[in-house]
Amino acid sequence: MSRLPSDGLIDREKIIRFSFDGKSYPAHPGDTLASALLANDVRLMGRSFKYHRPRGALTAGSEEPNALMEVGRGAHRVPNTRATVQEVFNGLEARSQNRWPSLRYDALSVNDLLAPFLGAGFYYKTFMWPKTFWEKLYEPIIRRAAGLGRLSGEADPAIYDRAFAHCDILVIGGGPAGLMAALTAGEAGARVILADEDFHLGGRLLSERDSVDDMRGADWAAEAAARLGGMPNVRIMRRTTVTGAYDTGTFGALERVADHISGPPDGCARQTFWRITARRAILAGGAIERPIAFPANDRPGIMMAGAVRSYLNRFGVAPAKQMAVFTNNDDGWRTAHDLVDAGVEVPALIDTRADVTVPQGPWRGIAGGTVIATRGRLGLNGITVRTPSGEARFRVGGLAVSGGWNPGVHLTCHLNGRPKWQSGIAAFVPAEGAVPGLSPTGAANGIFSTHGALVFGRSSADAALKTLGFSTSNITLPDAEDAPYRITPFWFVDAPGRAWLDFQNDVTVKDVKLAHQENFRSVEHMKRYTTLGMATDQGKTSNIGGLAILADLAGQTIAETGTTTFRPPYSPVQIGAFGARAEGKGFAPERFTASHAHAQELNATFVEAGLWHRAAWFAQGGETNWRESCDREVAMVRSTVGIADVSTLGKIDVQGPDAAAFLDHVYSNMISNLRPGRVRYGLMLREDGFVMDDGTAARLSETHFVITTTTAAAGQVMSHLEFCAQCLWPELDVALVSVTEQWGQFAIAGPLSRDLLSEMIAENISDTELPYMAHMPVTVAGIPGRLFRISFSGERAYELALPSGYGDALSRALVERAEAMGGGAYGMEALNVLRIEKGLLTHAELHGRTTADDLGLARMVSPRKDCIGKVMSQRPGLHGPERTQLVGLQPVDLAAELTAGAHLVNPGEPATRAHHQGYITSACYSPTLGHRIALGFAKNGRARLGEEIRAVDFMRQKGETLCRIVPIPFVDPEGGKLRG
Amino acid sequence: MRLTCPHCGERDAREFTYLGSAKLLDRPAGDTGAEAFHEYLHIRENPAGPNAELWQHVMGCSAWLHVVRDTRTHVVESVSLASGVAR
Amino acid sequence: MAEFSLQALDPLASESLPFSAGEATLSAPPPEQLLSVQPFSGQEKAVTGALKKTLDTSLEPHKAGSALWMGQGIWFLVNVDTKRAARAIDQRAAITDQSDAWATFDLTGADAAAVMARLCPLDLDAEIFPPSATARSEFAHMMASITAIEGGFRVRVMRSFAKTALHHTRDAIRSVAAQRSLPK
């Protein structure tokens, strides 16, 4: 066991158990999976992506490239979980990835032997011959080998929440800078959100032994957190990664609500994706240590120097019994001291800088030294060092490496900002103003001492408070270390053997050199050719090393070479979290009519029309097939009476002195000459001359209209009318308001419709009182409503509107009476057959590329006035025999099928695009006629009545049907039934 | 992204829908020909810089808004009621 | 014609309210009469004055009282005598009955704000959005009117959306309640 006897932020009183690759291990609350495995002497944690090289944890944080594991079992399994982030809980199950059959014996490590053939861009140069091998052999193999972890393949049972939060100041990161900023802003009374990706606040203070205000840094952090916790205006969000910076102070953040417990309670979200709106933000996310590249620098046991201190001081774990330290900066020395104080043997402290005085200690201090080789296949057991006086070998189980620190600039690049190179710290820092309203501070801004973090955390908060109009608080600054940061850049060791840059995508120094050699010389090309920085860690530990080498090869400075950018999310986010609450029925709201429950009782099958659920047919008696119900309902409407809920159509109330003039602008036909008490069919065009929607306009008085739209276009039409009223004709005095939901509206259609309604309506509704295309106010059982005499079926028909609260009762009353008369309820399928029989239009024909003239409705574009679309509807190309025009079609062989979507071709011509004659938009079996009928568009159709034409259905590939072009309507062409 | 609606205050962009160029406010008179309408409907400048647009606060007050937004930086320079914009 | 009667149904009739979990309760307030009022051009002042005088009802933006602001140039009069209102308005505004068009429900309790945070993008902080403040915004992807009331919020969505709105609200209430029981 590598657990140290005391210290650490773990609960040593409690023992919990977890399993890794089927074996059970003990751990403590406060452990991560990585720290617990190291405590149990497990250093081999995974296999690398391409070469399947044995790997262990490189870091102790979310930047981890190697220790990616599958956590959870069955449908709950989550791949690519970083062991350095995952909190251990009792019963946690973890498995290594990307190896077969086992972690120790991975057959695909043969790839490592094939490394000379698998360098950067190898897939551009291979797998091309023979051509047939690609689909059958190469691609399946590559697919199986690709990727790291595996998805469970089952539907994700977890609940994800989405939520919104608002604050004055968002503090990103809860280390010393962030805690100081939050305290400053909190004391000043601002609304503060402090978010940290970790489960403890404190940042680096948790991993270092430096004091703050004479107490352990971790203790000071705990006190600060407690202070913040007591402020009602401060909200602490732990386990919350701010994943992206977006425009106008919007931030995305992922909160891991229940990833640290086994089995969250019912209804509990596992994760919440937050959209945070912040008036100001402070980026105190710290810095990430970068490695040095040297041959075989990727063995388990080789770790970042700062991470070693985390394992020692935060988790009470010694990563090995002997560890050497390899550094190019003073910060690395601290690891040597901490290791020795924890009882770990440190045989060597190797510093690349020849001109420094390596500190004294129980180690061999080597100035001007580099590690040139390592040994140990499944875990480090030795290193070779090139010193000024020759080579030296050391037996070590671990090597702590520090190539310096990179400020965490990532969020500042999300709005296309590029960071600036600061040669003093040999690192990139955020560009000023890269994200408006966001100030980077502390280590994220290149200030590496604890004292600096506290000073600048406070001053950043003060600056933000000032711009927001708060008076700044007088918060005292705690004492803390202020060691200078001394570094001499050193990026890679020139010695034989592959040296790794990007551990996760298995990219080496050699790959970068190859890219440069093959002329992929810009940093953007190098990135994509080598895939350096393109893994799930977005190159957090590899980008700078890669472009430093590129700069070298190009003979440029790093500043001149530039850097690639970072994009949200900062660290991986499960798709389920982005799509929180949007799966299944959550994808879109459902809309139900007032008669829905009644329709269910009548055995309705529903169809979704946009968001609405509409009854499609009502299965009665022994009916098992929708056609049986539909055919019966059609016959019923044509012979007795049918009831259909038509409440879903848009209804817009239009009032005002200029209501009539306004409607003349938006309808193609005249509305202003409609008399009160009358209703008229109307067409609305788009400004480009195509038909947008159709409906009816009913005039209630000189200044009052109620217009209808199709169900699908209701929202679009309302928006369009508001645009016309506010933007195009703001001088017109007209008010618009939707009344779609105020009125439950039912169609009563059939020869017995008037008889039925006479029994229910107090007023006289004779044909003299209420002729076709008229309307009147009526009372039904004392409830005031309106009755319209309009028809979509071609039969004598009415539509009755009552306030929708009565919709259920009205539906029952109407259907009961209809059934007593031999009729009943009918649904959308029958409604569609009825209207096709009458040649009436829906959005199947009004599909956005048809004009009024195409539809045979040219007379509905009034010559007497301008209207939306009038001018463009008359432009060349929208008229004449080349246009496809609305026609009726029926099969020559009356038993044959006709399908919507079939294309029309002349007999004797090939069924190709060059000979395209049109297409079918609506088709059905007509029980009234006893055969199939269709509506469609045929070139010059109106002049071709009686001609034969072929309908070819390419989609369903059921052959073709010979048709005849016939006039519409198919049924009752004189319209005698309508007018009674 | 957030837009400041003159009625409702600052709101997330999710509450708005975008129509297109503010050029759509200048509808030609009905007696001008198809050429004028073609220009109105189809011909657009594509500035790398401030761009005048029309948005509607569909999830809010339903107001149509004239928005000037920089296409390079997404900074919104102004938002005003479209009904009040001088033609 | 035979005598018969029709019963009106409340849009939330079949929703088994009130519903509570943790520190949040979803309930249905008593049904409301809603009358939309849209003053015609240049008539806003006159209509406002007339309603104030005869019905002590103020048409103010972003406020909910006996008049509820519902958007640009439109208010709903709530539980106001519609005949008296129509007389006072005297053709100077467009009016329509909206009583049946909306479903109204209340979300109250200590966790009301936490629940609303999962459903609505508005900043509902009590200092910014105190009782009787009202806004038009989005509620679980639906057009809605949100009003702050004592102890919580009153939400109005169009009637046909009631089932979806309540379903999402219950899920959010359960989610917030469940989080209370998680270990720190």
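What counts, and where the lines are drawn
Along each chain, the written sequence defines residue order, and numbers are assigned to residues from 1. Chains and ligands are labelled by the order in which they are written, letters from A for the one and numbers from 1 for the other. Totals for whole chains, interfaces and linings use every residue, but because this is a predicted model, local features are given only for residues with pLDDT of at least 70 and side-chain atom pairs only at 80 or more, for both listing and counting. Helix and strand definitions follow DSSP, with helices as H or I runs of at least four residues and strands as E runs of at least two, each counted in order from the N terminus. Here a residue counts as buried when 20 or more other C-beta atoms sit within 10 Å of its C-beta, as exposed when there are 12 or fewer, and as partly exposed otherwise, the C-beta atoms being derived from the backbone. A residue pair is marked as a contact if its C-beta atoms, positioned from the backbone, fall within 7 Å. Here, a strand pair is defined by DSSP locating no fewer than two bridges between the strands. By definition, a nonpolar core groups buried Ala, Val, Leu, Ile, Met, Phe, Trp, Tyr and Cys residues that are joined through C-beta atoms within 7 Å. Here the expected span of a helix is defined as 1.5 Å times the quantity of residues minus one. Taking the helix axis as origin, the arc is that swept by the directions to the C-beta atoms. Annotation comment: domain bounds sourced from an automatic or database domain assignment. Residue polarity is assigned by list, with Asp, Glu, Lys and Arg as charged and Ala, Val, Leu, Ile, Met, Phe, Trp, Tyr, Cys and Pro as nonpolar; anything else, Gly included, falls into the polar class. A fitted line through C-alpha atoms serves as each axis, taken over the contacting stretch for helices, and the angle formed by two N-to-C directions is quoted from 0 to 180°. Confidence of the predictor at the level of single residues is given by pLDDT, which spans 0 to 100. For any helix crossing, the convention is left-handed if the near helix is rotated counterclockwise from the far helix by under a right angle, and right-handed if that rotation is clockwise. Orientation is classified from the angle alone, with under 35 degrees giving roughly parallel, over 145 giving roughly antiparallel, 65 to 115 giving roughly perpendicular, and any other angle giving oblique.

A. Representation of the overall build of chain C. A tally of helices and strands in chain C yields four helices and ten strands. The helix and strand sequence of chain C, counted from the amino end, reads β-β-β-α-β-β-α-β-β-α-β-β-β-α. A burial count over chain C gives 56% of its 184 residues as buried.

B. Main features of the overall build of chain B. Each helix and strand in chain B was counted, giving one helix and six strands. Listing each helix as α and each strand as β along chain B from the N terminus yields β-β-β-α-β-β-β. Projected onto its principal axes, the C-alpha coordinates of chain B cover approximately 40 × 30 × 20 Å. Split into buried and exposed, the 87 residues of chain B put 31% on the buried side. Put simply, of all contacts in chain B between residues at least 6 apart along the chain, 49% involve residues at least 24 apart.

C. Examining the pairing of strand β48 (residues 931–939) of chain A more closely. Residues and elements named next belong to chain A. In terms of burial, β48 is largely enclosed, as seven of its nine residues are buried. Pairing of strand β45 (residues 884–891) with β48 involves six bridges; the strand directions are antiparallel. Of the residues in β48, the one forming a bridge with Gln-885 is Ala-938. Where strand β47 (residues 916–926) and β48 come together, eight bridges link them in antiparallel fashion. Bridge pairing in β48 links Ile-920 to Gly-936.

D. Seen up close, the environment of Lys-321 of chain A. All names here are of chain A. The topology assignment puts Lys-321 in the loop between α7 (305–314) and β18 (323–327). Measuring from C-alpha to C-alpha, the distance between Lys-321 and Ser-2 comes to 8.0 Å, with 319 residues separating the pair along the chain. What Lys-321 contacts, discounting residues up to four positions off in sequence, is Val-344, Glu-345 and Gly-397.

E. Geometry of the nonpolar core. Ranked by internal contacts, the top residues of the largest apolar core, which has 357 residues, are Ile-169, Leu-170 and Ile-748 of chain A together with Val-157 of chain C. Ignoring any residue separated from it by four or fewer positions in sequence, one finds Leu-170 of chain A in contact with Ile-193, Ala-195, Phe-251, Ile-276, Ala-278 and Ala-281 of chain A.

F. Representation of helix α1 (residues 44–55) of chain C within the structure. Residue and element names in this part refer to chain C. Relative to the 16 Å expected for twelve residues at 1.5 Å per residue, α1 spans 16 Å between its end C-alpha atoms, a close match to the ideal helical length. Those residues of α1 that sit buried are Val-47, Ala-50 and Leu-51. The buried residues of α1 occupy an angular sector of 95° when the element is viewed end-on, so they sit on one face. Turned more than 90 degrees away from the buried face of α1 sit Lys-45, Gly-49 and Lys-53, all of them exposed. Buried residues belonging to α1 abut β3 (34–39), α2 (82–89) and β6 (93–97). A positive phi of about 50° marks Asp-56, the residue just after α1.

G. Just the domain arrangement of chain C, in detail. All names here are of chain C. Once the domains are mapped, chain C shows domain 1 (19–31 + 101–179) and domain 2 (34–97). Taken together, the contact between domain 1 and domain 2 spans eight residues of the former and nine residues of the latter. Where the side of domain 1 that touches domain 2 is concerned, the elements lending two or more residues are β8 (134–139) and β9 (142–149). In terms of residue count, β8 provides more of the side of domain 1 that touches domain 2 than any other element does, three residues in total. Its residues placed into classes, the side of domain 1 that touches domain 2 shows three nonpolar, four polar and one charged.

H. Quick peek at the sheet that holds strand β4 (residues 50–56) of chain B. The antiparallel open sheet is built from four strands, whose spatial order is β3-β4-β5-β6 (chain B). In the strand order of this sheet, the two ends are held by β3 (17–21) and β6 (76–81) of chain B, each with one partner. The average undirected angle you get between the axes of adjacent strands in this sheet is 30°. The sheet contact formed by β4 of chain B and strand β5 (residues 64–70) of chain B spans seven bridges and is antiparallel. Each bridged residue has a counterpart across the sheet, and for Gln-56 of chain B the counterpart in β5 of chain B is Trp-64 of chain B. Against the sheet, helix α18 (residues 714–728) of chain A touches β4 and β5 of chain B, its axis set at about 85° to β5 of chain B.

I. Local environment of the interface of chain A and chain C. Every contact between the two is made by 43 residues of chain A and, on the other side, 41 residues of chain C. Taken together, the elements giving at least two residues each to the side of chain A that touches chain C come down to β8 (160–172), β31 (591–592), β35 (651–655), β39 (735–738) and α20 (807–820) of chain A. Considering each element in turn, the side of chain A that touches chain C owes the most residues, six residues, to β8 of chain A. Partitioned by chemical class, the residues of the side of chain A that touches chain C number 25 nonpolar, eight polar and ten charged.

J. Expanded view of the confidence of the model for chain C. Here chain C averages 96 in pLDDT, and 100% of its residues register 70 or above. For this predicted complex, the interface confidence comes out at an ipTM of 0.99, alongside a pTM of 0.95.

K. Structural context of the environment of Ala-94 of chain A. Residues and elements named next belong to chain A. Along the chain, Ala-94 turns up in strand β7 (residues 92–96). Along the backbone, Ala-94 and Asp-21 are 73 residues apart, and their C-alpha atoms lie at a distance of 6.4 Å. When sequence neighbours within four positions are dropped, the list of residues in contact with Ala-94 reads Phe-18, Ser-19, Phe-20, Leu-33, Met-69, Glu-70 and Val-71.

L. Spotlight on the packing of helix α5 (residues 176–187) of chain A against helix α9 (residues 450–468) of chain A. Residue and element names in this part refer to chain A. At their nearest, the axes of α5 and α9 sit 7 Å apart, and the two run at 35° to each other. Along this stretch, α5 crosses α9, giving a crossing that reads as right-handed. Contacts from Pro-176, Ala-177, Gly-178, Met-180, Ala-181, Thr-184 and Ala-185 in α5 reach Thr-450, Ala-453, Leu-454, Phe-456, Gly-457, Arg-458, Ser-460, Ala-461, Asp-462, Ala-464 and Leu-465 in α9.

M. Summary view of unusual backbone geometry. Residue Pro-568 of chain A is joined to Pro-569 of chain A through a cis peptide bond whose omega torsion reads 0°. For Pro-569 of chain A, the location among the structural elements is in the loop between α13 (558–561) and α14 (575–578). The omega torsion across Ile-968 of chain A and Pro-969 of chain A is 5°, close enough to zero to call that bond cis. For Pro-969 of chain A, the position within the fold is in the loop between β50 (960–966) and α23 (976–979). Positive phi, close to 70°, is recorded for His-74 of chain B, a residue that is not glycine. Within the secondary structure, His-74 of chain B sits in the loop between β5 and β6. Under the C-beta neighbour-count criterion, His-74 of chain B is labelled partly exposed, with 15 such atoms within 10 Å. The phi angle at Asp-56 of chain C is positive, at roughly 50°, despite the residue not being glycine. Here Asp-56 of chain C lies in the loop between α1 and β4 (67–71).

N. Spotlight on the packing of α7 of chain A against helix α8 (residues 331–341) of chain A. Residue and element names in this part refer to chain A. Following both chains from N to C, one finds α7 and α8 inclined at 30°, their axes separated by 8 Å at the closest point. The pairing of α7 with α8 is recorded here as roughly parallel in orientation. Along this stretch, α7 crosses α8, giving a crossing that reads as left-handed. Contacts from Ala-305, Val-308, Arg-309, Leu-312 and Asn-313 of α7 reach α8 at Gly-332, Arg-334, Thr-335, Asp-338 and Leu-339. For the contact of α7 with α8, a count of residues per class yields four nonpolar, three polar and three charged.

O. Spotlight on the sheet that holds β3 of chain C. Residues and elements named next belong to chain C. Taking strand neighbours across the sheet as the criterion, the four strands line up as β4-β5-β3-β6 in an open arrangement whose pairing is antiparallel. Both outer strands of the open sheet, β4 and β6, are each paired with one neighbouring strand and no more. Neighbour-to-neighbour, the strand axes of this sheet turn through a mean angle of 25°, independent of strand direction. Direction of pairing for β4 relative to strand β5 (residues 74–78): antiparallel, over a ladder of four bridges. Note on β5: the bridge partner recorded for Trp-69 is Trp-75.

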